[in-house]
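# Secondary and tertiary structure notes
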Amino acid sequence: MPQHPDLTLRPLAGPEELALFCRLSYVLDHELADDLATGRRRPEWMWVALRGDRVLARLSWWTSRAGEPPQALDFFDLDDTLARPERGEIGLRLLETASAAVLPAGAPRPEYGRFIPPDWRDDAVVRDVVEARTEALERTGARLLVERLRLEWRPGTPVAAPTGRLTFRPPNDEEEIVSLMTLVLEGTLDAHSQADLATGLTPREAAELQFEEEFAAYSSPRAWWRVAALPDGGGPVGFVIPARNNYHHTIAYIGVVPAHRGQGHIDDILAEGTRVLAAQNVPRIRAATDLANVPMAKSFARAGYVNFERAVNMTWS
């Protein structure tokens, strides 16, 4: 690897250097100041590659809760005015130097994620931006896990009225939700869930892990969560978790248990989750599903959710 002796690779000295970090841009720049203030991001996790005072590359890790280790590499930007080979070499060197300094030796690297335009393959300039970053990551051993649709429901979009095919109630307790999550993992089309199961976790263990890492930390009311059941008392059909994460109101999880799939229940459950959040007069509702999860993507489209972005996720496992 070329050494680039004129480069300086270093973390930010403190929040006061945020303007330096933002000399390159990305769609999440507006979240950085609050992330630093709340401990979801730390200056020592935010690195830049400098030639003089020019920022040629930058990266940052993130965590959902202050005090936790890095959970995701969600910023990795290159100066796209540079030729592709030089961009890649600088990005690779920054990735390796920062990772060695920040991440424990031998520990799994946190997943990489990036938001990209929905038509990124059709625009040569945007495609070059995406591929320059993914190629640099691949040289460190990362591989694409999944491409996802990022979806948004906007106020004024009609919300389907209840059909009466299902009844809805808040879950009895945490155990009921975890048990339903365990059932939903059978035959799941979600790449992250498939990857968890491929590590050897049982469906129950995978459900417990996801609940603890994501849903347990939500500050929004659990009274918003809904279990869907047949009106005749036939037991739960599925569930939905409408919530607010650190940034947006969201359909955080939705699923139908295997015994009731293929009957259109997903539309009723999604409509209920949307109604719960729409009743809070929220500015938007966010959601996401894997590009390959065609049934779920079609349900979101029928409910009026717009695909405003995509996301790529890469892992080192």
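Located above this text is the structure these notes cover.
Right, let's walk through the structure included here. (Residues numbered from 1 in each chain as written. Predicted model: local features only at pLDDT ≥ 70, side-chain atom pairs only at ≥ 80, totals over all residues. Heavy atoms only, no water.)

### Comments concerning helix α4 (residues 124-138)
- End to end, α4 covers 20 Å across 15 residues, agreeing with the expected 21 Å (1.5 Å per residue, within 8%).
- Taken together, the buried positions of α4 are occupied by V129, V130, A132, R133, T134, A136 and L137.
- Buried positions along α4 lie against β4 (72-78), α3 (84-102), β5 (111-116) and β12 (306-315).
- Two or three places before V125, at the start of α4, stands the capping residue D123, its side-chain oxygen 3.0 Å from that residue's backbone nitrogen. (Helix = DSSP H or I, 4+ residues; strand = E, 2+ residues; numbered from the N terminus. Expected span 1.5 Å × (residues − 1). Buried < 20%, exposed > 50% of the residue type's maximum accessible area, 1.4 Å probe, protein only. Contact = heavy atoms within 4.5 Å. Polar contact = N/O pair within 3.5 Å; in protein donor to acceptor, adjacent residues only side chain to side chain.)

### What to know about the pattern of salt bridges
- Scanning the entire structure with this criterion turns up 37 salt bridges.
- Ionic pairing is found between R133 and D77, a salt bridge with its closest N-O pair at 3.9 Å. Taken together, the residues span a long stretch of sequence, with R133 in helix α4 and D77 in strand β4 at a distance of 56 residues.
- Within this structure, D29, R58, D77, D80, R84, R87, R114, R127, D128, E131, R133 and E135 form a network of salt bridges that share partners. (Salt bridge = Lys/Arg side-chain N within 4 Å of Asp/Glu carboxyl O.)

### Considering the nonpolar core
- Grouped together as the largest cluster of nonpolar side chains are 42 residues, with contacts concentrated most on F215, I241, I251 and Y305.
- Discounting chain neighbours no more than four positions away, the residues touching I241 are I177, F215, W225, T250, I251, A252 and Y253.
- The next biggest cluster of nonpolar side chains, apart from the first, holds 26 residues, and it includes L9, L56, I90 and A98. (Core = buried A, V, L, I, M, F, W, Y, C linked by side-chain atoms within 4.5 Å.)

### Thoughts on the pairing of strand β9 (residues 236-244)
- Burial of β9 is extensive: 7 of the 9 residues sit out of reach of the surface.
- Examined bridge by bridge, strand β8 (residues 226-229) and β9 share 4 bridges and lie antiparallel to one another. Note that in β9 the partner of R226 across the bridge is V240.
- Between the antiparallel neighbours β8 and β9 lie 6 residues, among them G233 with a positive phi of about 80°.
- Hairpin connection between β9 and strand β10 (residues 249-256): a loop of 4 residues separates the two successive antiparallel strands. (Pairing = 2+ DSSP bridges.)

### Here we look at the environment of D173
- As for its position among the elements, D173 is in the loop between β7 (167-169) and α5 (174-184).
- Linking D173 and V256, residues 83 residues apart in sequence, is a C-alpha distance of 18 Å.
- Looking at D173, its side chain comes within polar contact range of the main-chain nitrogen of E176, at 2.9 Å.

### Looking at the packing of helix α8 (residues 265-278) against helix α9 (residues 294-302)
- Here α8 crosses α9 at 50°, and the two axes come no closer than 10 Å. By the angle between their directions, the pair α8 and α9 is classed as oblique. Read as a crossing pair, α8 and α9 show a hand that is right-handed. Side by side, α8 and α9 meet where I266, D267 and L270 of the first sit next to M296, S299, F300 and R302 of the second.
- Counted by class, the contact of α8 with α9 contains 4 nonpolar, 1 polar and 2 charged residues. (Axes fitted to C-alpha atoms, helices over the stretch in contact; angles between N-to-C directions. Parallel < 35°, antiparallel > 145°, perpendicular 65-115°, else oblique. Left-handed = near helix turned anticlockwise from the far one by under 90°. Nonpolar A, V, L, I, M, F, W, Y, C, P; charged D, E, K, R; others polar.)

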